[in-house]
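Commentary on secondary and tertiary structure
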Amino acid sequence: DAKTTQPTSMDCAEGRAANLPCNHSTISGNEYVYWYRQIHSQGPQYIIHGLKNNETNEMASLIITEDRKSSTLILPHATLRDTAVYYCIAKSTGANSKLTFGKGITLSVRP
Amino acid sequence: GAVVSQHPSWVICKSGTSVKIECRSLDFQATTMFWYRQFPKQSLMLMATSNEGSKATYEQGVEKDKFLINHASLTLSTLTVTSAHPEDSSFYICSAHDRSPIYEQYFGPGTRLTVT
């Protein structure tokens, strides 16, 4: 699966949008982009995934560039509870495809 | 969304003993389950992949005789840490997906193992 790169950390003000970037320049055609987050001492939580088109759900929006080499996760109105480590992962669709976690980006939401 | 549970949520054991951790999918059938380990301030590391009714596939560097995985049913997988040592102290997390690997993988809340 393609490697992804993310900044180490970022912060944003509560109530503002948090835009988390991710580079996946070597992503292949059958790899999806997944986003998970992990709040301290908990299991990871699924946020969203996409292949080519932009996606939106109740938690976030995922914007994927046309060349699919990068994407941005948008939390439209960040709250203090959104403080977590966010992981961007490229994963193929084989029967035993697996999520491989990198270091992720630590998002700190400040009051 | 689907729920994955783990039991126990935390356990303390003495060096040399064995510990079993259970992972259950509560409202879906998990054809594939995964076991991860996470040391403090580090990311999750995949240990093994298990498919129901077959032997687990271990990642490179993970001792299969030390970390016994059983996936006996579509809703239950167990990880047994045999002859535990202090260096096995870690956060163990399981996850599962249903029949389609395209969709999200659901994670359990994790089990904190401390070996004294």
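Our subject in this report is the structure included herewith.

Here the focus is the pairing of strand E7 (residues 67-73) of chain B. All names here are of chain B. By the bridge criterion, five bridges tie E7 to strand E8 (residues 76-81) in an arrangement that is antiparallel. The partner of Leu68 across the bridge, within E8, is Thr80. Count of turn residues in the E7/E8 antiparallel hairpin: two residues.

Next up on the list: the sheet that holds strand E2 (residues 18-23) of chain A. Whenever strands of a sheet pair, they do so through backbone hydrogen bonds, lying parallel or antiparallel. Read from one edge of the open sheet, four strands run E2-E7-E6-E5 (chain A), paired in antiparallel fashion. Pairing within the sheet leaves two strands with one partner each, and these edge strands are E2 and strand E5 (55-56) of chain A.

The next point concerns the sheet that holds strand E9 (residues 105-110) of chain A. Residue and element names in this part refer to chain A. The sheet built from five strands is open, its strands ordered E1-E9-E8-E3-E4 with mixed pairing. Both outer strands of the open sheet, strand E1 (9-13) and strand E4 (45-50), are each paired with one neighbouring strand and no more. This sheet shows a mean twist of 25 degrees between the axes of neighbouring strands, independent of strand direction. Summarising the sheet, strand E3 (residues 32-38) and strand E8 (residues 84-91) pair through seven bridges and their orientation is antiparallel. Within E8, the position partnered with Tyr34 by the bridge is Ile89.

Quick look at the state of the cysteines now. Applying the stated criterion across every chain yields a total of two disulfides over all chains. Here Cys22 of chain A pairs with Cys88 of chain A through a disulfide, and the sulfurs are 2.1 Å apart. What sets the handedness of the Cys22 of chain A and Cys88 of chain A disulfide is the S-S torsion sign, and at about -80 degrees it is left-handed. Here Cys22 of chain A is found in strand E2, whereas its partner Cys88 of chain A is found in strand E8, with 66 residues between them in sequence. Across the pair, Cys88 of chain A and Cys22 of chain A agree in class, each one buried. Residue pairing for Cys23 of chain B: its cysteine sulfur links by disulfide to Cys94 of chain B, the two sulfurs lying 2.0 Å apart. Around the S-S axis, the bridge from Cys23 of chain B to Cys94 of chain B shows a dihedral of about 80 degrees and counts as right-handed. Pair noted here: Cys23 of chain B is in strand E3 (residues 19-25) and Cys94 of chain B is in strand E9 (residues 90-97), with a separation of 71 residues, a long-range link. Like Cys94 of chain B, Cys23 of chain B is buried.

Conventions used here
- Residues numbered from 1 in each chain as written.
- Chains lettered and ligands numbered in written order.
- Predicted model: local features only at pLDDT ≥ 70, side-chain atom pairs only at ≥ 80, totals over all residues.
- Heavy atoms only, no water.
- Pairing = 2+ DSSP bridges.
- Helix = DSSP H or I, 4+ residues; strand = E, 2+ residues; numbered from the N terminus.
- Axes fitted to C-alpha atoms, helices over the stretch in contact; angles between N-to-C directions.
- Disulfide = S-S within 2.5 Å.
- Buried < 20%, exposed > 50% of the residue type's maximum accessible area, 1.4 Å probe, protein only.

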